[in-house]
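One-letter residues, chain by chain:
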Amino acid sequence: MQAARHVVCALSGGVDSAVAALLLRRRGYQVTGVFMKNWDLLDESGVCTADKDCEDAYRVCQILDIPFRQVSYVKEYWNDVFSDFLNEYEKGRTPNPDIVCNKHIKFSCFFNYAVNNLGKWGSLPPHRETISIGWFLYTLGQRAKIGGLREPWYVVEKDGTKGDVLVAPRTDHPALYRDLLRTGRVHWIAEEPPAALVRDKMMECHFRFRHQMALVPCVLTLNQDGTVWVTAVKAVRGLTLGQFAVFYKGDECLGSGKILRLGPSAYTLQKGRSRAGVATEGSGDGHSDSPGLGPTR
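Please read these numbers as outputs of a predicted model, since none were measured by experiment.

**Things to note about the environment of valine 8**
For step 1, the next point in the chain: Position of valine 8 among the secondary structure elements: in strand E1 (residues 6-10).
For step 2, the next point in the chain: A relative accessible area of 0% places valine 8 in the buried class.

Structure representation (structure tokens):
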């Protein structure tokens, strides 16, 4: 008789991980449930917010009749994940603080713990949590709360050096749309980077930068330093520095990279074409009064 294969299942206290543990057990695996405590902030009532999740994970293990263990990576999470979030926040970007948790915590600290202490690691589909927090309450694309205006205005640009937030009327203003961005070094999942991208230096795929948003067709251009330029087939609303562009080929998630640079907005490109036309005709001085855009502090 063949011995049951031993796998470790990270239990968050939620439904997804509980179902994953159940399916593994039904398929004959020897499952150990482990809860990761990555935060210890107390809420107003003085109760650790992670305690309830831990209790839920423990109850899941009791119901499934599998061993339960708990590990703490509070220090590691602070140093490798949350500190990066604070740094991005200070730069005026819109970070996803937990998107690097898989890399530094789940598939580093927790992976090593599972291999060294509990035997063979079983592959469970990774999940991504996405949190969007703006610089001084402003995120590109969001409605700006400005009193005294009849129509809503939206954040289209931020200048961290001056403290200016540029706004524009209408949710479909061209200043909200861009079709070009550059990421930091991309973390590729299966191969680094995909063979087609290495061979041709360009590759068609899809991307998204917000959870559950529709996939956007794009072309990736590989740079020598591992970063990529992303050219969207159609301009996208609300591209934001600090968010992660996640790339897909069909149903496969290829990897992701932090958005560090944005191309010009559709509004800027329109201004450029208008100025070029005026210069060609020789009937203007090249000056633009930038109608429809204004700073707020």
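**What to know about the sheet that holds E1**
For step 1, the next point in the chain: Taken in spatial order, the 3 strands line up as E1-E2-E3 in an open sheet, and their pairing is parallel. A single partner strand is all that each edge strand has here, and the edge strands are E1 and strand E3 (68-72). Mean inter-strand twist for the sheet, computed between neighbouring axes without regard to direction, equals 30 degrees.
For step 2, the next point in the chain: As paired elements, E1 and strand E2 (residues 30-37) share 5 bridges and run parallel to each other. Looking at E2, one finds that valine 8 is bridged to threonine 32.
For step 3, the next point in the chain: Relative to E1, helix H1 (residues 15-26) is tilted by about 165 degrees, and along the sheet it contacts E1 and E2.

**Considerations on the pairing of strand E5 (residues 153-159)**
For step 1, the next point in the chain: Pairing of strand E4 (residues 143-144) with E5 involves 2 bridges; the strand directions are antiparallel. What sits directly across from alanine 144, in E5, is tryptophan 153.
For step 2, the next point in the chain: Examined bridge by bridge, E5 and strand E6 (residues 164-169) share 6 bridges and lie antiparallel to one another. Bridge pairing in E6 links aspartate 159 to aspartate 164.

Scoring rules and cut-offs
Residues numbered from 1 in each chain as written. Predicted model: local features only at pLDDT ≥ 70, side-chain atom pairs only at ≥ 80, totals over all residues. Heavy atoms only, no water. Helix = DSSP H or I, 4+ residues; strand = E, 2+ residues; numbered from the N terminus. Buried < 20%, exposed > 50% of the residue type's maximum accessible area, 1.4 Å probe, protein only. Pairing = 2+ DSSP bridges. Axes fitted to C-alpha atoms, helices over the stretch in contact; angles between N-to-C directions. Contact = heavy atoms within 4.5 Å.

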